[in-house]
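# Observations on the model geometry
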Amino acid sequence: MTAIGPAKRSIGDLALLGGPALFATPLHVGRPNIGDRERLFARLSEALDRRVLTNGGPLVQEFEARIAGMLGVRHALAVNNATIGLQIAARAAGMRGEVIVPAFTFVATAGALEWMGMEPVFADIRPGALTIDPAEIDRLVTPRTTGIVGVHVWGIPCDTTALEAAARRHDLAVIYDAAHAFACAHGERMVGGSGQAEVFSFLATKFVNAFAGGAITTDDDALAERVEGLRNFGFEEYDRTVGPGINGKMSEASAAMGLTSLDALPAIVDTNLANAAAYARATEGIPGLTMLTPDRAARCNAQYVAARIDGHVAGIDRDTLHDVLHAEQVLVRRYFHPGVHRLEPYASRPGGPPSLPHTEALGREVLVLPTGTAVGTTEIDAIIDVLRFSIAHAQAIGARRPAATPG
Ligand code: T4K
């Protein structure tokens, strides 16, 4: 934990306006959770002794079996990252041509498809929600559409029932980008078994961390077999390929870290939920600020904690608060501003980006805050004190610093 400076008493104390920074070292969104490093070193040492370092070794197999067991799915296939995982899953599900994706997501969801020559078609989120609006499917579908990639943003599941009903109406494949959703549930059911496949990320910044990695989960035996071949250069037998493949294999070192992270999972969830509750408590009654992340009842891993700032009510816009916090060494993020449809290469498509009002409005107002095992209640209270102070002194800050950094 980092040293914390004194609370702000006048606006001149804000680092943005020349005061000392609140934190001595930066607080990041996405600081890795480490787990028991002795256990990690023991696993790495076993792998070195075996001299089996990749290609589906025993640690990868153990990692896959534990994931499948936890999620209650028939197959979990480990991959080297979720971006490659999305490509393999989309190809295994038969997607090509146009694929409908939400614009309120990380750029990798669309980039994975674009890189394979597919055309991501951007859908808006449902009003008042974070995930794709299933009503968008009927609006966006064309004769070239072959699939939908839903995204469980910040671990909050999409409306899979409505999406899959729309997919059936138009004969589309459905996969889910579950990069944020490991160990989250839709009611009683764990995320992992919906659509043709779901894809998790285990990058270092994620809740379960395998240094870098991911997994494709599915209950479909034939699809799992296709994934198996696709992640291994297209090989069906050791000297026979059945089509184009890629190297999507996870290494034993990644699986060692992933297993160590799974061991620590209950403690990490507890920390994340305690942090989310601390943010909810600390932000109560702050005008214009709403927490977006769910509580314990929602069975979410709470790896992301996000606030929505209504600048009209708060009297200060999200971008100014972003700059205030960055100056204090709190490196909050504007995920997912301005929406992937407004990022290149999509923004320069002929006709310009489509208007997606709910995605754009949320993108203008969201602030993702630091959480995970690198942050505790003391840091959270200090971060929210700065936010509360800034909103209370919005006018004076505006007068001293009229222009915020554009997002
Ligand atoms: N789909 C969705 C919906 C996703 O959100 C993502 C990734 C993917 C697919 C693709 O998954 P992978 O192919 O990566 O498995 C960060 C994450 O790096 C990225 O994985 C994540 N989504 C996204 C939401 O956030 P950036 O570019 O905004 O931040 P980055 O990587 O610079 O890291 C954030 C902060 O974390 C840094 O300020 C420092 C800290 N950090 C990071 C790493 C890697 C550390 O302290 N230690 C570390 O080892 O993307």
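Here the structure is a predicted model, which is why all the values come from computation and not from measurement.

Conventions we followed
Residues numbered from 1 in each chain as written. Predicted model: local features only at pLDDT ≥ 70, side-chain atom pairs only at ≥ 80, totals over all residues. Heavy atoms only, no water. Pairing = 2+ DSSP bridges. Helix = DSSP H or I, 4+ residues; strand = E, 2+ residues; numbered from the N terminus. Axes fitted to C-alpha atoms, helices over the stretch in contact; angles between N-to-C directions. Contact = heavy atoms within 4.5 Å. Domains from an automatic or database assignment. Buried area = accessible area lost by both parts, 1.4 Å probe. Salt bridge = Lys/Arg side-chain N within 4 Å of Asp/Glu carboxyl O. Polar contact = N/O pair within 3.5 Å; in protein donor to acceptor, adjacent residues only side chain to side chain. Nonpolar A, V, L, I, M, F, W, Y, C, P; charged D, E, K, R; others polar. Near = heavy atom within 4 Å. Areas by Shrake-Rupley, 256 points an atom, 1.4 Å probe, with all protein chains shown as cover.

### Section: the sheet that holds strand S13 (residues 289-291)
Strand order in the open sheet made by the three strands is S13-S14-S16, with antiparallel pairing throughout. Looking at which strands have only one partner, the edges of the open sheet turn out to be S13 and strand S16 (366-369). In this sheet, adjacent strand axes meet at a mean angle of 30° when their direction is disregarded. Packing of helix H11 (residues 318-327) onto the sheet brings it into contact with strand S14 (305-309) and S16, and relative to S16 it is tilted by some 25°.

### A short note on the domain arrangement of the protein
Splitting the protein by domain gives domain 1 (11-32 + 264-400) and domain 2 (37-260). Counting from both sides, the interface comprises 33 residues of domain 1 and, opposite them, 41 residues of domain 2. Here domain 1 and domain 2 share an interface that buries about 3000 Å² over both sides, 66% of which is from carbon and sulfur atoms. Between domain 1 and domain 2 we count one salt bridge in total. In this structure, the salt-bridge partner of Glu-114 is Arg-349, at a minimum N-O distance of 4.0 Å. Between the two partners, domain 1 and domain 2, sit twelve residue pairs in polar contact (both at pLDDT 80 or more). Elements supplying a minimum of two residues to the side of domain 1 that touches domain 2: helix H9 (265-283), helix H12 (357-365) and S16. It is H12 that contributes the most residues to the side of domain 1 that touches domain 2, five residues altogether. Here the side of domain 1 that touches domain 2 is composed, by residue class, of 22 nonpolar, nine polar and two charged.

### Structural notes on the site of the ligand
Neighbouring the ligand are 24 residues; Arg-31, Thr-83, Asp-177, His-180 and Tyr-335 lie closest to it. One of the side-chain nitrogen or oxygen atoms of Asp-177 is found 2.6 Å away from a nitrogen atom of the ligand. Surface burial for the ligand is 75%, taken as the share of its 920 Å² of free accessible area covered by protein chains. Only helix H3 (82-92) and helix H4 (107-114) provide two or more residues apiece to the shell around the ligand. Tallied by class, residues from the shell around the ligand come to ten nonpolar, ten polar and four charged. In this structure, the shell around the ligand is formed jointly by two domains, domain 1 (11-32 + 264-400) and domain 2 (37-260), each of which donates at least three residues.

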